[in-house]
Amino acid sequence: MENKKEFRSWLDAHKLEHPIVIAGPCSAETEEQVLKIAHELKDTDVTYLRAGIWKPRTRPGNFEGVGAIGLKWLQKAKAETGLLTATEVANRAHVELALEHDIDLLWIGARSTVSPFIVQEIADALEGTDKVVLVKNPVNPDLALWIGAVERFHTANIKNLGVIHRGFSTYDKSKYRNNPEWQIAVDFQTRYPDIPLICDPSHITGKRDMILEVSQTALDLNFDGLMIETHYDPDNAWSDAAQQVTPDSLIQIFKDLRIRKEQDDEVGYQSKLGVLRAQ
Ligand code: PEP
Ligand code: MN
């Protein structure tokens, strides 16, 4: 991949002080919910307010998102709080609507990354955009498939490209909702050190009490940011209730995290080795 440096541009402004933080509900539910969460996250380390508008649900009959109306709620939240906005896009129509509503960051969900046809459709629709585009890993532990999706966006001249590690599904139950398989993320980072790498501990753990520990591992492995699902009433969230944290818990997580500064390279390297040895 050529010109990898340019991918970092959107991150550089934030990287020195904080890892980049994307937070907000799994799903936009109502206008009031989106605005209330946005105001609670306004004066924190959060840069991007996330909210799923179209939700890929495993089985039919569950809440599948509020649809395009939610984009207006995100715009209103941005106008009122100054937070940048983020949502998932899974086809050309989603991309067109998200761009029309000036959403700042678009992510590709794990269920989309597995499909080269859908990835290509989204990449074509985004061609040349300067919005931030983050590609989640595919649901299955396949580094080449993840890289292939990133290459399709790179070829579509997406300048502000990054990836999100959200873990990999397994048939056997483990303590994680999606097994982190840290080695795959580390291999990605080794091959593409200039592509920002964000961790999504919410979908890795599936449980709010494990978010801190997984976030710390990600920072120890030199990830560039975190995406953490946040809701003022997690237990009553319309999707992913068990893994969302309140804005107050998010603030506490950021107090508890040891955030590696650039000058701590040696410390970061040692803890990275520690994590890999533990595996
Ligand atoms: C999400 O971020 O809400 C989501 C559906 O994530 P994933 O694609 O990682 O399952
Ligand atoms: Mn979710």
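Keep in mind the model is a prediction, meaning the values are calculated, not measured. (Residues numbered from 1 in each chain as written. Chains lettered and ligands numbered in written order. Predicted model: local features only at pLDDT ≥ 70, side-chain atom pairs only at ≥ 80, totals over all residues. Heavy atoms only, no water.)

Chemist: An account of the packing of helix α4 (residues 92–100) against helix α6 (residues 116–126) is needed here, citing residue identities and associated values.
Modeler: Running from N to C, α4 and α6 cross one another at 30°; their axes reach a closest spacing of 8 Å. Classed by the angle they form, the pair α4 and α6 counts as roughly parallel. Read as a crossing pair, α4 and α6 show a hand that is right-handed. Residues R92, V95 and L99 of α4 form the contact with α6, whose participating residues are E121, I122, D124, A125 and L126. Split into classes, the residues belonging to the contact of α4 with α6 amount to 5 nonpolar, no polar and 3 charged. (Axes fitted to C-alpha atoms, helices over the stretch in contact; angles between N-to-C directions. Helix = DSSP H or I, 4+ residues; strand = E, 2+ residues; numbered from the N terminus. Parallel < 35°, antiparallel > 145°, perpendicular 65-115°, else oblique. Left-handed = near helix turned anticlockwise from the far one by under 90°. Contact = heavy atoms within 4.5 Å. Nonpolar A, V, L, I, M, F, W, Y, C, P; charged D, E, K, R; others polar.)

Chemist: How would you sum up the sheet that holds strand β6 (residues 160–165)? Please name residues and give values.
Modeler: Strands sit in the order β1-β2-β3-β4-β5-β6-β7-β8 around a closed barrel of 8 strands; the barrel is parallel. Direction aside, the axes of adjacent strands within the sheet are offset by 25° on average. When strand β3 (residues 84–88) meets strand β4 (residues 105–108), the two strands line up parallel, connected through 3 bridges. Bridge pairing in β4 places E88 opposite W107. Against the sheet, helix α7 (residues 143–155) engages β4, β5 (132–136), β6 and β7 (197–199), with an angle of about 160° to β6. (Pairing = 2+ DSSP bridges.)

Chemist: So what about the nonpolar core? Which residues, and what values?
Modeler: Formed by 67 residues in total, the largest nonpolar core has its most connected members in L49, V135, W146, F153 and F188. When residues in this core are grouped by element, the largest group, 6 residues, is from α7. Grouped together as the second largest cluster of nonpolar side chains are 11 residues, L105, W107, L134 and I198 included. (Core = buried A, V, L, I, M, F, W, Y, C linked by side-chain atoms within 4.5 Å. Buried < 20%, exposed > 50% of the residue type's maximum accessible area, 1.4 Å probe, protein only.)

Chemist: How would you sum up the pairing of β5? Please name residues and give values.
Modeler: Counting buried positions along β5 gives 5 out of 5 residues, so the element sits mostly inside the fold. A two-sided burial pattern is seen for β5, the buried positions comprising V132, L134 and K136 on one face and V133 and V135 on the other. For the segment spanning β5, α7 and β6, crossover handedness is right-handed. (Right-handed = clockwise from strand over helix to strand, strands pointing away.)

Chemist: Describe in detail the coordination of the manganese ion (ligand 2), supporting the description with residues and values.
Modeler: The protein atoms that coordinate the manganese ion (ligand 2) are C26 (SG), H203 (NE2), E229 (OE) and D240 (OD), at distances of 2.1 to 2.4 Å. All donor residues of the manganese ion (ligand 2) come from one chain, and their arrangement in sequence is C-x176-H-x25-E-x10-D. Here H203 is found in helix α9 (residues 201–205), whereas its partner D240 is found in the loop between β8 (225–229) and α11 (247–256), with 37 residues between them in sequence. By the burial criterion, H203 is buried, and D240 matches it. (Donors = N, O, S within 2.8 Å, 3.2 Å for Na, K, Ca; no water.)

Chemist: I'd like to hear about the site of ligand 1, residue by residue, with values.
Modeler: In the vicinity of ligand 1, the contacting residues are C26, R50, K55, E88, W107, G109, A110, R111, K136, R166, H203 and E229. R50 is positioned with one of its side-chain polar atoms (N or O) 2.8 Å from an oxygen atom of ligand 1. At 3.3 Å from an oxygen atom of ligand 1 is found a side-chain nitrogen or oxygen belonging to E229. Contact with the protein chains removes 97% of the 300 Å² of surface that ligand 1 exposes when unbound. Of the residues assigned to the shell around ligand 1, the class counts are 3 nonpolar, 2 polar and 7 charged. (Near = heavy atom within 4 Å. Polar contact = N/O pair within 3.5 Å; in protein donor to acceptor, adjacent residues only side chain to side chain. Areas by Shrake-Rupley, 256 points an atom, 1.4 Å probe, with all protein chains shown as cover.)

Chemist: Describe the side chain of T87, with residues and values.
Modeler: By secondary structure assignment, the location of T87 is in strand β3. Exposure remark for T87: the relative accessible area of 0% places this residue in the buried category. Polar side-chain contacts of T87 include one of 2.6 Å to the backbone oxygen of A51. Once residues lying within four places of it in the same chain are set aside, the contact partners of T87 are A51, G52, I53, L71, L74, I103, L105, L106 and W107.

Chemist: Pulling in residues and values, what's your account of the pattern of salt bridges?
Modeler: Where charged atoms from two side chains of opposite charge come close, those side chains can pair. Counted under the stated rule, the structure contains 10 salt bridges. Of the charged contacts, one joins D240 and R177 as a salt bridge, the two residues approaching to 3.1 Å between their closest N and O atoms. On the criterion of sequence distance, the pair formed by D240 in the loop between β8 and α11 and R177 in the loop between β6 and α8 (182–191) is long-range, its members being 63 residues apart. Assessed through its relative accessible area of 36%, R177 is described here as partly exposed. (Salt bridge = Lys/Arg side-chain N within 4 Å of Asp/Glu carboxyl O.)

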